[in-house]
Amino acid sequence: MPEARPPHHRLQIAAWLGLALLIAGLDQLSKAWIGQQLNFDQVWRITDWLNLVRVHNPGAAFSLLADAGGWQRWFFIGLGVLVMGWLIWTLIGHTHRPWLCAAMSLLLGGAAGNVWDRVWLGEVVDFVQVHGAWLSPFFPGGYFPSFNLADSAISAGVVLMLWEEWQESRRLKAQTQATQEASTPSP
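This text gives an overview of the structure that appears in the document. (Residues numbered from 1 in each chain as written. Predicted model: local features only at pLDDT ≥ 70, side-chain atom pairs only at ≥ 80, totals over all residues. Heavy atoms only, no water.)

Considerations on a nonpolar patch on the surface
Thinking step 1. A cluster of nonpolar side chains, namely L22, L26, L29 and L149, defines an oily patch on the protein surface of about 370 Å² accessible area.
Thinking step 2. The leading source of residues in the nonpolar patch is helix α1 (residues 7–37), at three residues.
Thinking step 3. By the secondary structure assignment, L22 is in helix α1. (Patch = residues over 30% accessible without salt bridge, like charges linked within 9 Å, V, L, I, M, F, W, Y side chains within 5 Å. Areas by Shrake-Rupley, 256 points an atom, 1.4 Å probe, with all protein chains shown as cover. Salt bridge = Lys/Arg side-chain N within 4 Å of Asp/Glu carboxyl O. Helix = DSSP H or I, 4+ residues; strand = E, 2+ residues; numbered from the N terminus.)

This is the structure in structure tokens:
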């Protein structure tokens, strides 16, 4: 018989899912606001290195597969739904690791925001544009590909997940070493 989870486990899951929902909601609100403020391809200069610009991306990150003919919409929706399911499953099984849960919530909220765009618009609305000569060696004209709040949450979630996994591996290594030292007979 499976071990019963404590009542606070459901509350933790609900809180992490609430954070993901908040991120997805803020992403959609920011995209709606941009849709009201800017026409398609219109640029609003904020600083010498930052613009708001309304662009639509039918592809993935860095416009990967943007010109694939339409099938990519359904592929990225399906992939997004599968990833969101995996993120929820991971979150449920790891509530004892709050930093990992925070990372999963960021990833889940970002994925949900972009999947929502693909379902309803067929493409993702991007609006943050970072540019400068310092980016020229890496990006044409010195313009980093435009992105949105969901993309930012996904990027932050990946960084947090990698950091947390690195910390967990260090903790497990130290724990294993301490166990080995404790079980080794002294001379």
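Okay, back to it.
Topic: helix α3 (residues 98–121)
Thinking step 1. Over its 24 residues, α3 runs 34 Å from end to end, which matches the ideal 34 Å to within 8%, given 1.5 Å per residue.
Thinking step 2. Just downstream of α3, G122 is the residue with a positive phi angle, here 85 degrees. (Expected span 1.5 Å × (residues − 1).)

What to know about helix α2 (residues 71–93)
Thinking step 1. The terminal C-alpha atoms of α2, which comprises 23 residues, lie 34 Å apart, in line with the 33 Å expected from a rise of 1.5 Å per residue.
Thinking step 2. By the burial criterion, the buried members of α2 are Q72, F76, I77, G80, M84, L87, T90 and L91. (Buried < 20%, exposed > 50% of the residue type's maximum accessible area, 1.4 Å probe, protein only.)

Observations concerning the pattern of salt bridges
Thinking step 1. One pass over the structure, following the stated rule, counts seven salt bridges.
Thinking step 2. Of the charged contacts in the structure, one is a salt bridge between K31 and D117, with a shortest N-O distance of 2.7 Å. Here K31, found in helix α1, pairs with D117, found in helix α3; they are 86 residues apart in sequence, far enough to count as distant. Comparing K31 with D117 shows no difference in burial state: the two are buried.
Thinking step 3. The shortest N-O distance in the salt bridge between R171 and E168 comes to 2.8 Å. Of this pair, R171 and E168 both sit in helix α4 (residues 149–183), three residues apart, roughly one helical turn.
Thinking step 4. Taking relative accessible area as the criterion, R171 reaches 41% and is therefore assigned partly exposed.
Thinking step 5. When salt bridges that share partners are traced, they join R97, E164, E165, E168 and R171 into one network.

What to know about the nonpolar core
Thinking step 1. One finds W16, L87, L91, M104 and L108 to be the most contacted residues of the largest nonpolar core, which totals 15 residues.
Thinking step 2. Breaking this core down by element, the ones donating at least two residues are α1, α2 and α3.
Thinking step 3. Looking at this core, the element that brings in the most residues is α3, giving eight residues.
Thinking step 4. Those residues in contact with L91 that sit more than four places away from it in its chain are I13, W16, C101, M104 and S105.
Thinking step 5. Counting ten residues, the second-largest nonpolar core is a separate cluster that includes I34, F127, V128 and F147. (Core = buried A, V, L, I, M, F, W, Y, C linked by side-chain atoms within 4.5 Å. Contact = heavy atoms within 4.5 Å.)

Examining the packing of α2 against α3
Thinking step 1. Taken N-terminus to C-terminus, the directions of α2 and α3 make an angle of 155 degrees; their axes are 9 Å apart at the nearest point. Viewed along their axes, α2 and α3 adopt a mutual orientation that is roughly antiparallel. The element α2 and its partner α3 pack so that their crossing is left-handed. Two secondary-structure elements touch here, α2 through R73, F76, I77, G80, M84, W86, L87, I88, T90 and L91 and α3 through L100, C101, M104, S105, L107, L108, A111, A112, V115, R118, V119 and W120.
Thinking step 2. A class-by-class count of the residues in the contact of α2 with α3 yields 17 nonpolar, three polar and two charged. (Axes fitted to C-alpha atoms, helices over the stretch in contact; angles between N-to-C directions. Parallel < 35°, antiparallel > 145°, perpendicular 65-115°, else oblique. Left-handed = near helix turned anticlockwise from the far one by under 90°. Nonpolar A, V, L, I, M, F, W, Y, C, P; charged D, E, K, R; others polar.)

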